[in-house]
Amino acid sequence: MLARLLVVGLLLSLSPSVSAKPPALPIETYTLDNGLKIILHEDHRVPKVAVVTWFRVGAKDERKGRTGFAHLFEHLMFKGSAHVPDGKLDLLLEAAGGYSNASTSSDATIYHNVAASNFLETALWLDADRLAGLTETLTQAKLDNQRGVVRNERRQSYENRPYGKAWLLLSRELWPKSHGYHWPVIGYHKDLLAASTDDVAKFFGRYYVPNNATMVIAGDFDKKEAKQWIQKYFGWIPKGKVPDRPRYAAPPPLRKEKRFASTDDVQVPRVYVVWRGPRAYNKNSPAFDIAASILAGGKSSRLYKRLVYEDRIAQDIEAGYQGQELGGEFYIVATAKPGISGDRLLRAIDAELVRLGHSAPTADEMARAKSATEAWKLKGLESVLGRALRLAAYSVEAKNPRFFAADLERYRNVTAADVHRVVKKHLQPHCRIVLTINPNKKGGK
Amino acid sequence: MRLLISLLSLSLLASGPVHAQSVPAPWASSSVKDWNIPPKPAAEKSFRAPVAKSLRLANGMRVIVIENHALPLVAMTLMVVDAGSSADPADKFGVADFAADMLDEGVKGMSALDIASLKERLGASVGISANVDYATVRVSTLRKTLEPTIKLFTSIVSEPTFDADEGKRLHGDLVTHLRLKPDRPRQVAGELLDGALFGPKSAYGHPTTGTLQDAQALTLADAQAFYKKHWLPSKMILVVAGDVTVAEMRELLGTTIGSWRPKGRAHTKRPRVRQNKKSARLLLVDRPGAPQCDLRIGLWGLRRKDPRYAKMAVLSNVLGGSFTSRLNNRLREQLGYTYGIRASSYEQRFAGSFVISTALHTPKTMDGIKEILSIIEDLRKTPLGQKELDKAKFNIIRDLPAQFERNGGIATAYAHLALHGLPLDWYQRYDKALRKVTAKDIQRLAKSFLNPARFRYVVVGDQKKLSAGLDALGLGKSESFDSHGQPKAASKTLTP
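Residue numbers run consecutively from 1 along every chain, following the written order of its sequence. Lettering of chains starts at A and numbering of ligands starts at 1, both following the order in which they are written. pLDDT decides what is reported in this predicted model: residues at 70 or higher carry local features, side-chain atom pairs at 80 or more are listed and counted, and totals for whole chains, interfaces and linings draw on all residues regardless. Hydrogens and waters are ignored; side-chain quantities use all the structure's heavy atoms.

Caption draft 1: A look at the overall build of chain A. To qualify as a helix, a DSSP run of H or I must reach at least 4 residues; to qualify as a strand, a run of E must reach at least 2; elements of each kind are numbered from the N terminus. From N to C terminus, chain A includes 16 helices and 11 strands. Counting only C-alpha atoms and orienting by the principal axes, one finds that chain A spans roughly 75 × 60 × 40 Å. Buried residues in chain A amount to 61% of all 445 residues. By definition, residues are in contact when any of their heavy atoms lie within 4.5 Å. Restricting the contact set of chain A to residue pairs at least 6 apart, pairs at least 24 apart contribute 81%. Every accessible area reported is derived by Shrake-Rupley at a probe size of 1.4 Å, with residue values counting cover from the shown protein chains alone. Roughly 17,600 Å² of accessible area belongs to chain A as shown, and the carbon and sulfur atoms make up 54% of that amount. For the charge count, each Lys or Arg is scored as positive and each Asp or Glu as negative, with His and the chain ends excluded. Here the site of a charge means NZ on Lys, CZ on Arg, CG on Asp, or CD on Glu. Counting 67 positive and 47 negative side-chain charges, chain A places the centres of these two groups 6 Å from one another. Burial here depends on accessible area, computed with a 1.4 Å probe over protein chains only, as a share of the maximum for the residue type. Under 20% is buried, over 50% is exposed, and the range in between is partly exposed.

See the structure below:
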C-alpha cells in the first residue's frame, strides 16, 4: 500500500510543469561618479569569483591602416601596468587558482579574471591598475613582443587551419569597404607591423575610460565588501571624455548575389552562404536564431536531414545567426563529401530554403527549436564566469541587466509565421554572399 | 602633487624608451596607501566536493547520485568500462567506436530521426563516444523533462536496432571522415605519437576510429557483436548530477535502465600495454608551405592509480600546464615562437603518456625544440624555488572547486573516479597530497621521468624547410609518414 502511494506521489512530482519559472539571478546595479557601470551578482555555490569588464571598443573603432589594433591592444593589457610588473597579473591569478583572459570582437573587448573567491580584492586591484595606468609602463619591446604573438595567433587560427581564411574573405564582401565590419578582428599583417606605441597611448586614452566600461562581479563574495573595494580602487579614476568614435552609415542593402571562390590545402569543397541580419537584441533576432535551429539544428533539421542524412552529399552542415551592434550575420555552412561540388550543395540548400519559404515550419519544429534554445540558455548559467558574461551582455547589448526572464520569454513567443517571414523575406538569393573554398592542387585528389 | 608627477616623469625617462603620451593618472587622489603592494587575500575557504551517494540497481549497474538544486538541470554520465578501443580485437580496430556511434541511429520503435527529434523536444543532448578504456554516454536535460529523457537514454543503451540502412550510412560517414584526415594535421600528429609510444597496432596505440583501412573492413555485424559483448550492466557506472533526489533516482532508474537484463557475461580481459621499443625517435609528416609546424614531444607516462599522480600534476603544471608555465612563458611570451605551448599528463587505466604540444612558427622550429629541451634540462638540474612551486600547487588546489560548477563536470569527475576504482572522497585526498608536494619531489620526478633518451618527436610541417635542421639536431632514427599518418612505404597501397 505504502509503496504504491509512494510511486504515485513520485509520478506526480515528476510531471513537467507547463512553463517553469526562470531561475532567479539576483543582482544589484549602480554607476560610479566616473561613469563605470557596476553589476553585482552573489552566487555562493562554489568559492570562486569572476570579474568581467566589458569595454565598448572593438575592431570597428579602428582607423584606416590600423586593422587588428583593438585585438593587439587587448594583448597589451596583460603586459603589466603602472604598479604591476609584466607577468605578475598572470602569476597572481594563477596562484589564486584562476586565470585571466579576454576576447575582442568588432564591437567590444571583454576581459575576465577568474579566481578563488578570497582573491577578489587582488583581481580588482589588478584591473584598476591597468584601467588607470596601462601605458605608464608601456615600452616598444612590449609592443613588438605582443605583435609577434598576435601574428602567431593569426597563423594558428586562420592561415594554418583548413578553411581558416573563409571568414576573412566573407566579411570583406558582406560589408562595404567603408564599414566597420569589413575587415577582420585579427587584422592584416602589414597593419599590425605599422602599429606604434603612440597609437597605443592614444587608443588607451580614448577608449579605456571608466565611462566606456561595464564591470560585472559574479560569485562567492559579499556585496558590501565588494562595493567598498570598488570605490577604493576605481572611484578615484577620472571620468574620460565620451569616446569620439567612427560612425558608420547603414550600408546600402545588397541587391545582387555575389558568388566567389577560393582555394585551400583541403580535400573537399566547403560552401558558405551568408546574409546580413538584424542587430543583436533587435525584436526580430530570436526568429533568426530559431530559423537557424530549424534549418540545421540537429539530425532531423531541414538541411541536415536533406544534405547529410538523405542525399548524402554533405559531411556536415551548420547554420547560425550572430547579432552585433550595427547588424548581424546569418550563415549556412556545408562541407561536401568527396566528389560533390559546391554548386551541388548550394542547389540542395536553396531547394530547402524555397520549401521553408513556401510554408511555415511545423508546430513540432518550433517546439523543438525553442526547447533546445531554452536548455542552452539555462546551461550557460551553470558557471560563475558564464553568469558574469551573460549579465554583462544583457547590460550592454540589451540595455537591461535583468533581461534573463524576458530573454527566455521572447524566444517562447516566436511564432511559425515569424520564422516563415525570416526565410521568405530575408534569406533570399539576391542579397547574399556565397563563398566556395575548393581544394587546391596540393590538397585535392 | 607636482612633485609626484615630476618624480614619475623622471622615473619614466630613466626606464628606457617609454612613449606614454597620456598624463599619468592622479594615483595620489585614491585612498590606496601603496599601489605597488598586492592586496592580501582573505581567509582561504575550505571546499568540500559535493556529497556523492552510491547505490546499485537490481541488474548490477552501479549508480552515483549527486544532488545539485542550483538550476533546474540534470546531467548524467554513463561509463561503460572496457567498451573502448583498447577492447578492439586486433583485426577489428575501430569497432568500439563504430558500435558506440550506432547506438542512437535507431532503437526499438524509433528511427534515428525520431530519436533526434525527441531529444530536441526534451531540451536534451545525448552524446555517445568510445574512448580508450571505456565508452561513454553523456546526457544533459531539463529537470522538467527528466523522466522521458531517462526513458530515451534507456532505449539507446539497452535496445539499439543496428539497422542495416543506418549502418551503411554511418559507416560511409566514418570512412569519409577518415579519408579527410589530411585536413586534420593536429590529429595526425597526436595519433603518430600514440603509435610511437604504445605501438601503432596495439590496444592503446591505435587510433580509436581505426585507420582508413581498418574502418573500411568493419561490418555492421562486427559492431553489433561488440555491443552485445561489452555493453553490459555489470560493466556500467551511471553518475547523475543535478536537480534530483537520491530516492527519486533510485525509483526512476530502477524501473528503467535498472530493469535491463541482457544475456551475456562480462569479460574482463586486460589489454596488453607495452612500451613501443621499436619506434623511430623522430616521426615526420610533410605539409609543404605550412606557416607553422605541429610539434609533439612525448614519452611513456603514468597510469591513473600511480601514487605519483599529484606530483606529476604539479610537474606538468610547472613545465607547461598554465599560461605562466616555463614552456609557455618562454616560447610564447618571451621568444614569440608560438601562440601557445602546453605539457599534459594523460593517465589511463593501464598506462599513460606525457605530451608537450605546440604549433611553432616554421622558421623557429629548431630554436623552439632546442629551447624546450633546455627548459626540461633545467628542471632536472635545479630544484624549484618556493614561489614557483606554490604557484603551481595552488593553481591546481584552488581551481578544484571549478570541477563542481556544472552538472556535466560533476558527473564526469565522479564517473572517472568510479572507472579507476578510486574512492569517492578522492578530491579531498588529492587536495591533501598536492599540499604535501615538495621541490625535491618535483626535481626527483623530472630527473627520473623526463629523460630525453625516452622522448619521441612528431613534426608535421614543411619538411623542405625543416629537414636539414632536424637532421642537425641529431634526435635519432627518423621515419616519414604520409598525410594520413601511414608509413611512407605503405602509402602506395592505400586505396583512394
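Resuming the write-up.
Caption draft 2: Examining helix H9 (residues 246-254) of chain B more closely. Residues of H9 of chain B that are buried: Val 246, Glu 248, Met 249, Leu 252 and Leu 253 of chain B. Along H9 of chain B, the residues classed as buried sweep out an arc of 155° about the axis, all on the same side. Each C-beta atom gives one direction from the helix axis, and the arc is the one those directions make.

Caption draft 3: Looking closely at the confidence of the model for chain A. Confidence in the prediction of chain A, expressed as mean pLDDT, is 93, and 95% of residues score 70 or more. Per residue, pLDDT measures the predictor's confidence, with a range of 0 to 100. Confidence over residues 1-19 of chain A falls short of pLDDT 50; this stretch has 12 contacts with residues more than four positions distant or in other chains.

Caption draft 4: Seen up close, the pairing of strand E11 (residues 432-439) of chain A. Residues and elements named next belong to chain A. Taken across its eight residues, E11 has six buried, putting it largely inside the fold. A strand pair is defined by DSSP finding two or more bridges across the two strands. For strand E7 (residues 258-264) and E11, the ladder comprises seven bridges, and the chain directions are parallel. Counterpart to Lys 258 in the pairing with E11 is Ile 433. Two elements, strand E8 (residues 270-277) and E11, share six bridges in a ladder whose sense is antiparallel. Its bridge partner lying in E11, Trp 275 is registered against Arg 432.

Caption draft 5: Geometry of the sheet that holds strand E10 (residues 328-336) of chain A. Residues and elements named next belong to chain A. If you trace the five strands from one edge of the open sheet to the other, you get E7-E11-E8-E10-E9, paired in mixed fashion. Of all the strands in the sheet, the pair left with one neighbour each is E7 and strand E9 (314-323). Each neighbouring strand pair of the sheet contributes to a mean axis angle of 15°, computed without reference to strand direction. Helix H6 (residues 166-174) rests against E7, E8, E10 and E11 of the sheet, and its axis sits at about 40° to E8. Axes here mean lines fitted to C-alpha atoms, for a helix over just the part in contact, with angles spanning 0 to 180 degrees between N-to-C directions.

Caption draft 6: How the structure looks around the environment of Leu 193 of chain B. All names here are of chain B. Along the polypeptide, Leu 193 turns up in helix H6 (residues 185-198). Given the relative accessible area of 2%, Leu 193 is considered buried. A C-alpha to C-alpha distance of 42 Å links Leu 193 and Arg 121, two positions 72 residues apart in sequence.

Caption draft 7: Structural context of a positive patch on the surface. Residues Arg 270, Arg 272, Arg 274, Arg 303 and Lys 305 of chain B make up a contiguous surface patch of positive charge. By relative accessible area, Arg 303 of chain B is classed as partly exposed at 34%. A patch consists of residues whose relative accessible area exceeds 30% and which take part in no salt bridge; residues with like charges are grouped when within 9 Å of each other, and nonpolar side chains (Val, Leu, Ile, Met, Phe, Trp, Tyr) when within 5 Å. In what follows, salt bridge is the name for a side-chain nitrogen of Lys or Arg lying within 4 Å of a carboxyl oxygen of Asp or Glu.

Caption draft 8: How the structure looks around the packing of aromatic side chains. Residues and elements named next belong to chain A. For this analysis, a ring pair means two rings from Phe, Tyr or Trp (six-membered ring only for Trp) whose centres lie within 6.5 Å, classed as stacked if their planes differ by under 30 degrees, edge-to-face if by over 60, and tilted for the remaining angles. Under the definition given, this model contains 37 aromatic pairs over all chains. Relative to Tyr 111, the ring of Phe 78 lies with its centre 6.1 Å away and its plane at 40°, an arrangement referred to as tilted. Of the two residues, Phe 78 sits in the loop between helix H2 (69-76) and helix H3 (88-95) while Tyr 111 sits in strand E5 (residues 109-116), which places them 33 residues apart along the sequence. Judged by relative accessible area, Tyr 111 falls into the buried class, the value being 1%.

Caption draft 9: Representation of helix H4 (residues 146-158) of chain B within the structure. Residues and elements named next belong to chain B. Helices are assigned an expected span. That span is 1.5 Å times one less than the residue count. Helix length check: H4, at 13 residues, gives a terminal C-alpha distance of 18 Å against a target of 18 Å (1.5 Å per residue), a fit within 8%. With 11 of its 13 residues buried, H4 lies for the most part within the structure. For H4, the complete set of buried residues consists of Leu 146, Glu 147, Thr 149, Ile 150, Leu 152, Phe 153, Thr 154, Ser 155, Ile 156, Val 157 and Ser 158.

Caption draft 10: Quick peek at the sheet that holds strand E6 (residues 125-130) of chain B. Residue and element names in this part refer to chain B. Judged by pairing direction, the sheet is mixed, and its six strands sit side by side in the order E1-E2-E8-E3-E7-E6 without closing on themselves. Strands with a single pairing partner mark the edges of an open sheet, and in this sheet they are strand E1 (53-56) and E6. The average angle at which neighbouring strand axes cross in this sheet is 15°, direction not considered. In terms of strand pairing, E1 meets strand E2 (residues 62-67) through four bridges, oriented antiparallel. The residue of E2 that forms the bridge with Leu 55 is Val 63. Its contacts with the sheet place H4 against strand E3 (73-81), E6, strand E7 (134-142) and strand E8 (236-242), and it is angled at close to 160° to E7.

Caption draft 11: How the structure looks around the pattern of salt bridges. Under the definition given, this model contains 61 salt bridges over all chains. For Asp 220 of chain A, the salt bridge identified is with Lys 45 of chain B, shortest N-O distance 2.4 Å. Of the two residues, Asp 220 of chain A is situated in the loop between strand E6 (213-219) and helix H9 (223-234) and Lys 45 of chain B in the loop between helix H1 (2-14) and E1; the pairing between them involves two chains. Note that Arg 186 of chain B is salt-bridged to Asp 294 of chain B, the shortest N-O span being 3.5 Å. Separated by 108 residues along the polypeptide, Arg 186 of chain B in helix H6 and Asp 294 of chain B in strand E10 (residues 292-300) bring together distant segments of the chain.

Caption draft 12: Representation of the nonpolar core. Ranked by size, the top nonpolar core spans 73 residues in total, and within it Leu 319, Ile 356 and Leu 450 of chain B carry the most contacts. Apart from residues lying up to four places away in sequence, Leu 450 of chain B is in contact with Leu 299, Leu 315, Leu 319, Phe 354, Ile 376, Leu 379, Arg 380, Leu 445 and Phe 455 of chain B. The term nonpolar core refers to a set of buried residues drawn from Ala, Val, Leu, Ile, Met, Phe, Trp, Tyr and Cys, joined through side-chain atoms within 4.5 Å. Core analysis: the second largest hydrophobic core is formed by 60 residues, Met 77, Ala 115, Ala 123 and Phe 234 of chain A among them.

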